[in-house]
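Observations on the model geometry
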Number of protein chains: 2
Amino acid sequence: MLKRLSKYIKKLNIKKKTTIKDIANVLNISPAAVSKALHDDSRISEKTKRAVKQVAKNLNYQPNHLASALRKGKSHLVGVIVPRTNSNFFSSVIQNIEEELDKEGYNIIITQSNESYKKECRNIDTLLFTQVDGIIASMANETIDLDYYEKIKSKGIPLILFDRGENDLNVDYIGINDYESSHLIVDHLVQQGCKRIAHIGGYKHTRIFNNRIRGYIDALKKHNLPIEDELLIESNLTTEDGRKKMTQLLALKNRPDAVYAAGDYAALGAQQVLNEQDIKMPHDIALVGFGNEPFTAMVTPSITSINQHSTEIGKQAAKTFLEHAKKTTIKQQLNKIILDAELIVRDSSNLKHI
Amino acid sequence: MLKRLSKYIKKLNIKKKTTIKDIANVLNISPAAVSKALHDDSRISEKTKRAVKQVAKNLNYQPNHLASALRKGKSHLVGVIVPRTNSNFFSSVIQNIEEELDKEGYNIIITQSNESYKKECRNIDTLLFTQVDGIIASMANETIDLDYYEKIKSKGIPLILFDRGENDLNVDYIGINDYESSHLIVDHLVQQGCKRIAHIGGYKHTRIFNNRIRGYIDALKKHNLPIEDELLIESNLTTEDGRKKMTQLLALKNRPDAVYAAGDYAALGAQQVLNEQDIKMPHDIALVGFGNEPFTAMVTPSITSINQHSTEIGKQAAKTFLEHAKKTTIKQQLNKIILDAELIVRDSSNLKHI
DNA sequence: TATTAATGCTTAAACGTTTAATCAATTTTT
DNA sequence: AAAAATTGATTAAACGTTTAAGCATTAATA
């Protein structure tokens, strides 16, 4: 055996990669036996298994993932679609998805839509083409037409949505309680003595932003505060647009005494305008964001925000996929996991600490 | 032909996916002809090509990527290894790599080392296992032993390093001129009247940080300023450690009048301490960071920093890989692309604007 | 008109695994 | 001691594509 082995090692310097066949040749057994031995099949003797594993190590055998994926019809790849990776929320979700899936031998392919519907469609095509075993996604702002997501479902590929996309398709969803979050925020602002609370909201057609708007309105009603059209603005929630919408609010004859932005980046834009015009937070106007991006704690004043539990969302999304992967029967159905959000009060809305 | 087609469409509702064979059967030609037609082989008639493409569309044919990858020995997947994705620098590099590779039909698999050597090794194994066609990486802080990277090279897989890892392996590298950057910073601080410039540097064993340290020392010499050991500190450059090292510097009998941190997060930590102790920037102590993370423009005072050209680095890394991919001969050799860095002066070091 | 070249396709093997079906040898059960 | 069950392997096909080699048929050249 030793002679055969060294003969093969010599050949390897010329030849390409070690295959299951090489191991079989060394040991004078069939490739099938080798495959089974490597997978600890019960019908292979312990002796053979040990021998196979030893030779595999000596020859520096690396299984050909493509071949096994082709044969088994599973790529062990999971696609992830996010609007962008450079927000802390998404990068943290991704990190946790990866950690959880890694344990089970899955890899992830990350794609970014940059909030563009067209890019998102291209991403879906790419992932389907790459033969992923599942897709975990958060939708772009622009996305209204859901045909492309239906395409995933129709191929029988498990689809899990998080953050954006609740209810819109009949698939698993993980997110926080947006409606309740708005209540937390408005309750807090009212407690601080605010009476004219403005909301720079996201696009109404996106369910989570709609929920935040509904929560905002219902919470105002709860406190017997009037709902005024001029205080409720729709935005794409970028820093740039946050600046624009804040300027718009300051132009009102009757200015608000609090601004609740549905995203931290928009809140940042609003803050910049307030700072530039020397309007004091929270005294003149209280400010609240959404998402608890790290910078909210860094800026002056620090911005009150909602913690979206990115860690938990990532882990749950991964686990949900793994459950699908284990089952053979594919029955997609709406299965919501809604996490409680948490209000992080900071200087921008906290009168007591000033 | 129409009958055959509809017959097949019916079968498809029961059967799995459309393959090249299905198309061949419909048209009564060989699978080989179909494959060639789909790839616009010159030996196939236009008529056949048109027919094949039409049927492919009708049957909703999606090529099986795994099968072609197996046959061709190329996965069209590129692995990316970064310390983390939630810094703006890395997420921007990644985004640009992706965009550039997407044009040529490549996908990327992103992995994070979290600055851990062990995790990095696992990532490399994973990527090799997934049969990536190349790896683009920036090394973890911890990484000193380069055996694992040698493993990539020895398998003949193109390896491209960026930011971290210059010169350490004999492969392509894309980065900025760190040595020169330190000169830019020191020159600027001296111009502001600073005489005792401290440096919170990264680990010396990492070449880029070593270069920044060398640049710092040489620039001090150039300006005839003394080099003092107590002003040169090694750090892991996290926000937390930035706080610690700043506190350490403030405890000196002879405090510095400027602090240059080799990373923005460390600069942020330093700034927090200065703000808390009511030490004015830049008047009492001027502060400079490195990396131009977006938050440097958001905090008060905004922090002067070095723009690392993440966009350009990402694009160049991708292009470098693509060049490798086109060549058949694999000759890895050191081929450095060094971009000029740019100093962004902000309030934390700009006396004139105060 | 015979010879060569170009065109348009087919055949069959290959990529590296996995797995259903089978078989021989051994062990257990009647 | 014959029948049945278990053990430990083998054989061969399959996953879906690509491609080198080959083979007619038609077109171009001498």
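The structure reproduced in this document is the subject of the present report.

What counts and what doesn't
- Residues numbered from 1 in each chain as written.
- Chains lettered and ligands numbered in written order.
- Predicted model: local features only at pLDDT ≥ 70, side-chain atom pairs only at ≥ 80, totals over all residues.
- Heavy atoms only, no water.
- Helix = DSSP H or I, 4+ residues; strand = E, 2+ residues; numbered from the N terminus.
- Buried < 20%, exposed > 50% of the residue type's maximum accessible area, 1.4 Å probe, protein only.
- Lys, Arg positive; Asp, Glu negative; His and termini not counted.
- Salt bridge = Lys/Arg side-chain N within 4 Å of Asp/Glu carboxyl O.
- Contact = heavy atoms within 4.5 Å.
- 1 Å grid on protein atoms, 1.4 Å probe; cavity = no way out; pocket = protein on both sides within 12 Å on 5 of 7 lines; lining within 4 Å.
- Points joined across faces, edges and corners; volume = space filled by probe spheres on them.
- Nonpolar A, V, L, I, M, F, W, Y, C, P; charged D, E, K, R; others polar.
- Pairing = 2+ DSSP bridges.
- Axes fitted to C-alpha atoms, helices over the stretch in contact; angles between N-to-C directions.

What follows covers the side chain of Glu 120 of chain B. Residue and element names in this part refer to chain B. Mapped onto the elements of the fold, Glu 120 is located in helix α7 (residues 117-129). It turns out Glu 120 is buried and unbridged, and the closest side chain with the opposite charge, Arg 164, is 7.1 Å from it. Excluding residues within four positions of it along the chain, Glu 120 makes contact with Ile 81, Ser 113, Ser 138, Met 139, Ala 140, Thr 143 and Tyr 149.

In total, this model carries two cavities of 30 Å³ or more according to the counting rule given. Approximately 50 Å³ is the volume attributed to the largest cavity. Every element with two or more residues in the lining of the largest cavity is listed here: α5 (65-72) of chain A together with α5 (65-72) of chain B. Looking at the lining of the largest cavity residue by residue, the class counts come to four nonpolar, five polar and no charged. For the second largest cavity, the calculated volume is near 30 Å³.

Now for the sheet that holds strand β5 (residues 172-176) of chain B. Pairing between the strands of a sheet comes from backbone hydrogen bonds, and it takes one of two forms, parallel or antiparallel. All names here are of chain B. The strand order β2-β1-β3-β4-β5-β11 describes an open sheet built from six strands, whose pairing is parallel. Where the open sheet ends on each side, the last strands, each with one partner, are β2 (107-112) and β11 (335-339). Averaged over neighbouring strand pairs, the angle between their axes works out to 15° when direction is ignored. Of the pairings in the sheet, the one linking strand β1 (residues 77-82) to β2 comprises six bridges and is parallel in character. Within β2, the residue paired with Ile 81 across the bridge is Thr 111. The sheet strands contacting helix α8 (residues 147-154) are β1, β3 (134-137) and β4 (159-162), and the helix crosses β4 at an angle near 140°. The strands touched by helix α14 (residues 310-326) within the sheet are β1, β3, β4, β5 and β11, with β5 carrying the most contacts at an inclination of about 170°.

Any functional reading would require information beyond the geometric quantities listed.
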